[in-house]
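Take a look at the letters that make up each chain.
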Amino acid sequence: MTDITIQKTDGDLASTSLKVTVPVARLEAAETKAVAFYAKRARLPGFRPGKAPVAVVRKRFEDSIRQAVLEEVVRESWEQARTAEGLKPIADPGVRNLKFEAGSPLEFEFVVAVKPELALGRTGGFTLTRRVAPVDEAAVDEQVERLRDRKASWLPVEGQKPAPGQMVRVEVAPIEDGTVGEASPYNLVLGQNQAIPALEEKVMTLLPGETTEAEVRFPDDHPDASRRGQVRQVRITLHEVKRQELPALDDAFAREVGDFETLAALREAIRADLGQEAVRQADADVRSQLVNELVAANEVPAPESLVHRFLHAYAEMYGIPHDQLHAFEERFHGMAEAQVKRDLVLDAVIEREKLQATEAEVDARVAELARARNTEPGALYGQLQKAGRLQELERAISEEKAFAFLLSQSTVVEATN
């Protein structure tokens, strides 16, 4: 019995919406089957197993029968839709706008994510510029100062009001309708945007041990949109002030940081690391240029369904509250579009040129990572598999192969700095 009707209602390169209508006769057949199933297995008081009247079975298992009917016809509808529409789904379909009322046809929509098929035209002949940024002494100095910050000591300051750059230990309690709420402790370094500016300003008017009550206003660009521009009454208590004491820049500092005999050796190691990072960044820039050229040359689209899925996944990963979701999506929509286009064009290259990572390549990469971590390849493989990260590794290898193939067809010009 296949009187189920399926009609495509919407879609783009990466999604399809299908309206499904299941006639009453098909629902009744599924219900009869479900009732028979429960009647055969039901154990009801006053009746021998399998002998309970159908009406009693229907009433006793009404919800379960309804669910069984729904599951059967949705499953059948999906099989029919996938075959009739020639779908290549990349995930289980979603069901929305469900209407399931007694005596009426069942109506709902399938929302199906499908694998976009992209026909590539031009994949080579591009001219790309590779520029390795020089490492200057200012960059080395900046890294040295970061190391000094990590090794710094924090010493108590007595009888002085705190200043920017100093660490304070404070308690802040909300005041509502004249009632002081529970205080929350904070340790923060002033001037590093660890608290709203209005609160820091009030803290810097206090001596250790002092308390004050004040109004503080949240800035208009506060990350939490619900607090922007709001004014709160708070009680602030300053308990402790500390100043930072940086270690001297000498050979002893270098030995404390790592396996370096002299400060000059430390600086040279930092310079080498920065140089390697500059090379990695230059290579990444070349790949970015190449992707942009590919996208433009092949007019790669960014299906809104994929953009939405990308944004939703990132919002979920970073715990974006529901009331901030719209602002988040607006802010990062362009970035999501670029990422979707990148993935689509690389997927097309990988598939067309058969550049998928092989089992041997994955094993070799796992062995390489295991050596770097001083562990057994089998153990690392199991960890990656358990964490669901083997697919990420396969993707990385496939993309490396794709970029190697693509770069062999284009010209990379080394820029002079």
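Since the structure is predicted, the reported quantities are computational estimates derived from the model, not experimental observations.

A. How the structure looks around the confidence of the model for the chain. Here the chain shows a mean pLDDT of 90. Residues at 70 or above account for 97%. The least confident element of the chain is helix α2 (residues 54–60), whose mean pLDDT is 77; the most confident is strand β5 (residues 127–130), at 97.

B. Just unusual backbone geometry, in detail. One non-glycine residue, Asn193, lies in the positive phi region at around 60°. Tracing the sequence through the fold places Asn193 in the loop between β9 (184–189) and α5 (197–203). Positive phi, close to 50°, is recorded for Glu299, a residue that is not glycine. Along the polypeptide, Glu299 turns up in the loop between α7 (263–297) and α8 (304–317). According to the relative accessible area criterion, Glu299 is exposed, its value standing at 70%.

C. Region of interest: the packing of aromatic side chains. All chains considered together, the criterion is met by 7 aromatic pairs. Seen in terms of ring centroids, Tyr38 and Phe61 are 5.1 Å apart; in terms of plane orientation they differ by 25°. Their pairing is stacked. Of the two residues, Tyr38 sits in helix α1 (residues 24–41) while Phe61 sits in the loop between α2 and α3 (62–85), which places them 23 residues apart along the sequence. Classification of Phe61 as buried rests on a relative accessible area of 16%. Aromatic rings pair up to connect Phe37, Tyr38 and Phe61 into one cluster. Here the basic side chain of Arg60 rests over the ring of Phe61, its NZ or CZ set 5.0 Å away from the ring centre. Taking the ring centre of Phe403 as reference, the NZ or CZ of Arg287 above it sits at 5.8 Å.

D. Representation of the sheet that holds strand β4 (residues 106–113) in the model. Strand order in the open sheet formed by 4 strands is β1-β2-β4-β3, and the pairing between neighbours is antiparallel. Pairing within the sheet leaves two strands with one partner each, and these edge strands are β1 (5–12) and β3 (94–99). Going from strand to strand, the sheet's axes swing by 20° on average, the running direction of each strand aside. Here 4 bridges tie β3 to β4, and the two strands are oriented antiparallel to one another.

E. Spatial organisation of the pattern of salt bridges. Under the definition given, this model contains 27 salt bridges. For Arg26, the salt bridge goes to Glu72, with nearest N and O atoms at 2.8 Å. Pair noted here: Arg26 is in helix α1 and Glu72 is in helix α3, with a separation of 46 residues, a long-range link. Residue Glu72 is classed as buried on the basis of its relative accessible area, which comes to 15%.

F. How the structure looks around the nonpolar core. Formed by 29 residues in total, the largest nonpolar core has its most connected members in Leu290 and Val345. Sorting the residues of this core by element identifies α7, α8, α9 (325–352) and α12 (390–407) as the ones contributing at least two each. Considering each element in turn, this core owes the most residues, 9 residues, to α9. Discounting residues that sit within four places of it in the chain, Val345 has contacts with Leu118, Leu120, Val291, Leu294, Val295 and Val300. Counting residues in each nonpolar core, the second largest holds 25 residues, with Leu27, Phe61, Phe100 and Val114 among its members.

G. Highlighting a nonpolar patch on the surface. A cluster of nonpolar side chains, namely Tyr314, Met317 and Tyr318, defines an oily patch on the protein surface of about 350 Å² accessible area. Mapping Tyr314 onto the fold places it in helix α8. The class for Tyr314 is partly exposed, based on a relative accessible area of 30%.

H. The arrangement of the packing of helix α10 (residues 359–373) against helix α11 (residues 377–386) in detail. At a minimum axis separation of 8 Å, α10 and α11 run at an interaxial angle of 110°. Between α10 and α11, the interaxial angle falls into the category roughly perpendicular. Residues Val362, Asp363, Val366, Ala367, Leu369, Ala370 and Arg373 of α10 form the contact with α11, whose participating residues are Pro377, Leu380, Tyr381 and Leu384. Tallied by class, residues from the contact of α10 with α11 come to 9 nonpolar, no polar and 2 charged.

What counts as what
Residues numbered from 1 in each chain as written. Predicted model: local features only at pLDDT ≥ 70, side-chain atom pairs only at ≥ 80, totals over all residues. Heavy atoms only, no water. pLDDT = per-residue confidence, 0-100. Helix = DSSP H or I, 4+ residues; strand = E, 2+ residues; numbered from the N terminus. Buried < 20%, exposed > 50% of the residue type's maximum accessible area, 1.4 Å probe, protein only. Phe/Tyr/Trp six-rings, centres within 6.5 Å; stacked < 30°, edge-to-face > 60°. Lys NZ or Arg CZ within 6 Å of the ring centre and 35° of its normal. Pairing = 2+ DSSP bridges. Axes fitted to C-alpha atoms, helices over the stretch in contact; angles between N-to-C directions. Salt bridge = Lys/Arg side-chain N within 4 Å of Asp/Glu carboxyl O. Core = buried A, V, L, I, M, F, W, Y, C linked by side-chain atoms within 4.5 Å. Contact = heavy atoms within 4.5 Å. Patch = residues over 30% accessible without salt bridge, like charges linked within 9 Å, V, L, I, M, F, W, Y side chains within 5 Å. Areas by Shrake-Rupley, 256 points an atom, 1.4 Å probe, with all protein chains shown as cover. Parallel < 35°, antiparallel > 145°, perpendicular 65-115°, else oblique. Nonpolar A, V, L, I, M, F, W, Y, C, P; charged D, E, K, R; others polar.

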